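The residues making up each chain are set out below.
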Amino acid sequence: MKIPVIGFVMDSGDDDPQHSHKLYITSFNGNPVHVHSISGITSINDGHSHQYASWTAPAPTGVPHVHSYNTFTSMNQGHTHRIQGNTGPAIALPGGGHYHLFEGYTTIDGSNPHSHAYSGRTSNEVSSR
């Protein structure tokens, strides 16, 4: 089965031969896509917590869906942790739009190996960046 996807690729604009490109999907199977911001503070473990802020991956608008996310925490105590997973399903808002819940555990990192719990609610839907 072929699914039509519309978007564009942006060059990083530098001369580095190891540069990367970003793919921005604007339509998936005829539906516009959208993203949500995620942010928060992890649980306290090993005497500290971490902050995180990022965007979810795009998902189609107007159909049941979840979003993936993948980011790193702030550097505290000389290390960071990776946060990645999938949100829960969309939760409708009374005036229109929706948000998603997310939760999980960071990767195990640090000189004293440990992880942190995190959870939150995405922002309301935002048109694809």
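About the cut-offs
Residues numbered from 1 in each chain as written. Predicted model: local features only at pLDDT ≥ 70, side-chain atom pairs only at ≥ 80, totals over all residues. Heavy atoms only, no water. Helix = DSSP H or I, 4+ residues; strand = E, 2+ residues; numbered from the N terminus. Buried < 20%, exposed > 50% of the residue type's maximum accessible area, 1.4 Å probe, protein only. Contact = heavy atoms within 4.5 Å. Areas by Shrake-Rupley, 256 points an atom, 1.4 Å probe, with all protein chains shown as cover. Pairing = 2+ DSSP bridges. Polar contact = N/O pair within 3.5 Å; in protein donor to acceptor, adjacent residues only side chain to side chain. Phe/Tyr/Trp six-rings, centres within 6.5 Å; stacked < 30°, edge-to-face > 60°. Lys NZ or Arg CZ within 6 Å of the ring centre and 35° of its normal.

Q: Explanation requested: the overall build of the protein chain in the structure shown.
A: Counting its regular elements, the protein chain contains 0 helices and 13 strands. Across the 129 residues that make up the protein chain, the buried fraction comes to 26%. Excluding contacts between residues fewer than 6 apart, the proportion of contacts in the protein chain whose partners are at least 24 apart in sequence is 45%. Entry remark: accessible area of the protein chain is about 8,000 Å², with carbon and sulfur atoms responsible for 54%.

Q: Would you take a moment to explain unusual backbone geometry for this structure?
A: The phi torsion of most residues other than glycine is negative, and most of the peptide bonds are trans. Of note, the phi angle at Asp46 is positive, near 55°, even though the residue is not glycine. One non-glycine residue with positive phi stands out, namely Gln77, at about 55°. As for its position among the elements, Gln77 is in the loop between strand E7 (68-72) and strand E8 (82-86). Note on Gln77: relative accessible area 59%, which makes it exposed.

Q: Sorry, what's going on with the pairing of strand E11 (residues 101-105) here?
A: The alternating pattern of E11 places Phe102 and Gly104 on a buried face, while none of Leu101, Glu103 and Tyr105, on the opposite face, is buried. Across 5 bridges, the pairing between E11 and strand E12 (residues 117-121) is antiparallel. Looking across to E12, one finds that Phe102 is bridged to Gly120.

Q: Help me out: how do you make sense of the environment of His79 in this one?
A: When you line up the elements, His79 lands in the loop between E7 and E8. When the C-alpha positions of His79 and His50 are compared, they lie 9.6 Å apart, and in sequence the two are 29 residues distant. One polar contact links His79 to His48, side chain to side chain, over a distance of 3.3 Å. Reaching out from His79, the side chain makes a polar contact with the backbone oxygen of Gln77 at a distance of 3.2 Å.

Q: I keep staring at the packing of aromatic side chains and nothing clicks. Help me out?
A: By convention here, two paired aromatic rings are described through the distance between centres and the angle between planes. Considering all chains together, one arrives at 5 aromatic pairs under this definition. Three or more aromatic residues link up through ring pairs in this structure, and these residues are Tyr52, Tyr69, Phe102 and Tyr118. Sitting above the plane of the Tyr99 ring, Arg121 keeps its charged end 3.7 Å from the centroid.

Q: Whenever I open this one, the side chain of His114 confuses me. Can you help?
A: Along the chain, His114 falls in the loop between E11 and E12. By relative accessible area, which is 6% here, His114 ends up buried. Among the polar contacts made by the side chain of His114, one reaches the side chain of His116 at a distance of 3.2 Å. In this structure His114 touches Asn45, Asp46, His48, His79, His81, Thr107, Ile108 and Asp109, once residues within four positions along its chain are discounted.

Q: Even after reading the chapter, I still don't get the environment of Tyr118, so can you show me in this structure?
A: Positionally, Tyr118 belongs in strand E12. Tyr118 gets classed as buried once you look at its relative accessible area, which sits at 4%. When sequence neighbours within four positions are dropped, the list of residues in contact with Tyr118 reads Thr42, Tyr52, Tyr69, Ile83, Gln84, Phe102, Glu103, Gly104, Tyr105 and Thr106.

Q: Before we go on, may I ask you to explain the side chain of His36 in this structure?
A: Examined against the element boundaries, His36 turns out to sit in the loop between strand E3 (31-35) and strand E4 (37-41). A relative accessible area of 0% means that His36 is categorised as buried. Among the polar contacts made by the side chain of His36, one reaches the side chain of His67 at a distance of 3.3 Å. Contact partners of His36, with chain neighbours within four places excluded, come to Ser54, Trp55, Thr56, His67, His98, Tyr99, His100, Thr122, Ser123, Asn124 and Glu125.

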